[in-house]
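# Fold and geometry: a report
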Amino acid sequence: MELQLALDLVNISEAKEVVQEVQEYIDIVEIGTPVVINEGLKAVKEIKEAFPSLKVLADLKIMDAGAYEVMKASEAGASIITILGATDDSTIKGAVEEAKKQGTQILVDMINVKNLEQRAKEVDALGVDYICVHTGYDLQAEGETPFEQLQTIKRVVKHAKTAVAGGIKLNTLPEVVQSQPDLVIVGGGITSEKDKRNVAEEMKKVVKQATLV
């Protein structure tokens, strides 16, 4: 089980500061969609150059031109690139083929997918590396969590690894790891804390403990 830090509301220099603080307790740094929109793929490139031992995920949320966008993110140094589960199978197939050429991985974000169980089975058959349940900011504000959705995909996904994102904090992490996802994605649960390093360290302990079970 790995721990991913999602950076959404920062610029490149702020991102570097946060990662510097917590780097020994995380496995993957996510350059979130807002950062990519504001800074471009150079954010991915600069974080990878500054922290070569960490994997970098480019949260592009691809909906079209899968192969091209995966190629560009891979060239910038991304190890994992996100594509939306709501897109066409052809876009996902193109992304998977290009990722294999580039030696990178595809994470399918299932945000706003209506029939989660059915789509997870379909996406799993397309050869993606991760399938992620994701409760977005707007639904989190309405009190939704991704825990139930995680159990759904754990039941049906046979080939891909599973990931979970959406409002996870230190006090809710033990509930999340019970379902044994392969990847736990935390954003504000670390970045909004005053002592980011300490929270990241505690989260890593919980994740490690769950991996040993």
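As shown above, the structure is provided for reference.
Figured I'd write up the structure that's included with this text. (Residues numbered from 1 in each chain as written. Predicted model: local features only at pLDDT ≥ 70, side-chain atom pairs only at ≥ 80, totals over all residues. Heavy atoms only, no water.)

### Some thoughts on the side chain of Asp-124
Take Asp-124: it is sitting in helix H6 (residues 116-124). Of the buried charged residues, Asp-124 lacks a salt bridge, with Lys-158 as the closest side chain of opposite charge at 7.4 Å. A distance of 3.1 Å separates a polar side-chain atom of Asp-124 from the backbone nitrogen of His-159. In this view, Asp-124 contacts Ile-131, Val-156, Val-157, Lys-158, His-159 and Ala-160; residues no more than four positions away in its chain are not counted. (Helix = DSSP H or I, 4+ residues; strand = E, 2+ residues; numbered from the N terminus. Buried < 20%, exposed > 50% of the residue type's maximum accessible area, 1.4 Å probe, protein only. Lys, Arg positive; Asp, Glu negative; His and termini not counted. Salt bridge = Lys/Arg side-chain N within 4 Å of Asp/Glu carboxyl O. Polar contact = N/O pair within 3.5 Å; in protein donor to acceptor, adjacent residues only side chain to side chain. Contact = heavy atoms within 4.5 Å.)

### Structural notes on helix H8 (residues 147-156)
Where H8 is concerned, the buried positions are Phe-147, Leu-150, Thr-152, Ile-153 and Val-156. Looking at the buried residues of H8, the elements they touch are H6, strand E6 (130-134), strand E7 (161-165) and helix H9 (173-177).

### Some details on the pairing of strand E5 (residues 105-109)
Where burial is concerned, most of E5 is hidden: four out of the five residues are buried. When strand E4 (residues 80-84) meets E5, the two strands line up parallel, connected through five bridges. Within the sheet, the bridge partner assigned to Leu-84 lies in E5 and is Asp-109. The handedness of the E4 to E5 crossover, carried by helix H5 (residues 89-102), is right-handed. Examined bridge by bridge, E5 and E6 share three bridges and lie parallel to one another. Note that in E6 the partner of Asp-109 across the bridge is Cys-132. With H6 bridging E5 and the parallel E6, this β-α-β connection has right-handed handedness. (Pairing = 2+ DSSP bridges. Right-handed = clockwise from strand over helix to strand, strands pointing away.)

### Describing the pattern of salt bridges
Scanning all chains against the criterion turns up twelve salt bridges. Lys-204 is paired through a salt bridge with Asp-27; the nearest N and O atoms lie 2.8 Å apart. Placement of Lys-204 in helix H11 (residues 196-212) and of Asp-27 in the loop between helix H1 (12-22) and strand E2 (28-31) is noted, with a sequence separation of 177 residues between them. Of the two residues examined, Lys-204 and Asp-27, each falls in the buried class. A salt bridge links Glu-122 to Arg-119, with the shortest nitrogen-to-oxygen separation between them at 2.9 Å. Remark: Arg-119 and Glu-122 occur in helix H6; sequence separation between them is three residues, near one turn of the helix.

### Let's talk about the nonpolar core
Residues Ile-31, Ile-106 and Val-128 are the most contacted members of the largest nonpolar core, which totals 64 residues. Discounting chain neighbours no more than four positions away, the residues touching Ile-106 are Val-70, Ile-81, Ile-83, Ala-95, Val-96, Ala-99, Val-128, Asp-129 and Tyr-130. The next biggest cluster of nonpolar side chains, apart from the first, holds eleven residues, and it includes Ile-28, Ala-163, Ala-165 and Ile-185. (Core = buried A, V, L, I, M, F, W, Y, C linked by side-chain atoms within 4.5 Å.)

### What to know about the pairing of E2
Neither face of E2 is open: one carries Ile-28 and Glu-30, the other Val-29 and Ile-31, and all of them are buried. Taken together, the four bridges between strand E1 (residues 2-7) and E2 define a ladder with parallel strand orientation. Looking at the pairing, Ala-6 lines up with Glu-30 of E2. The parallel pair E1 and E2 is bridged by H1, and the resulting crossover is right-handed. Note: E2 against strand E3 (residues 55-62), four bridges, orientation parallel. Among the inter-strand pairings, Ile-31 is bridged to a residue of E3, identified as Ala-58.

### Remarks on the sheet that holds E6
Pairing in this closed barrel of eight strands is parallel, and the strands run E1-E2-E3-E4-E5-E6-E7-E8 around the ring. On average, adjacent strands in this sheet sit at an angle of 25° to one another, irrespective of strand direction. Looking at chain direction, E7 and strand E8 (residues 183-186) are connected through three bridges and run parallel. Directly across from Val-164, in E8, lies its bridge partner Val-184. Its contacts with the sheet place helix H4 (residues 66-75) against E3, E4 and E5, and it is angled at close to 155° to E3. Each of E1 and E8 touches H11; the most contacted strand, E1, lies at about 145° to it. (Axes fitted to C-alpha atoms, helices over the stretch in contact; angles between N-to-C directions.)

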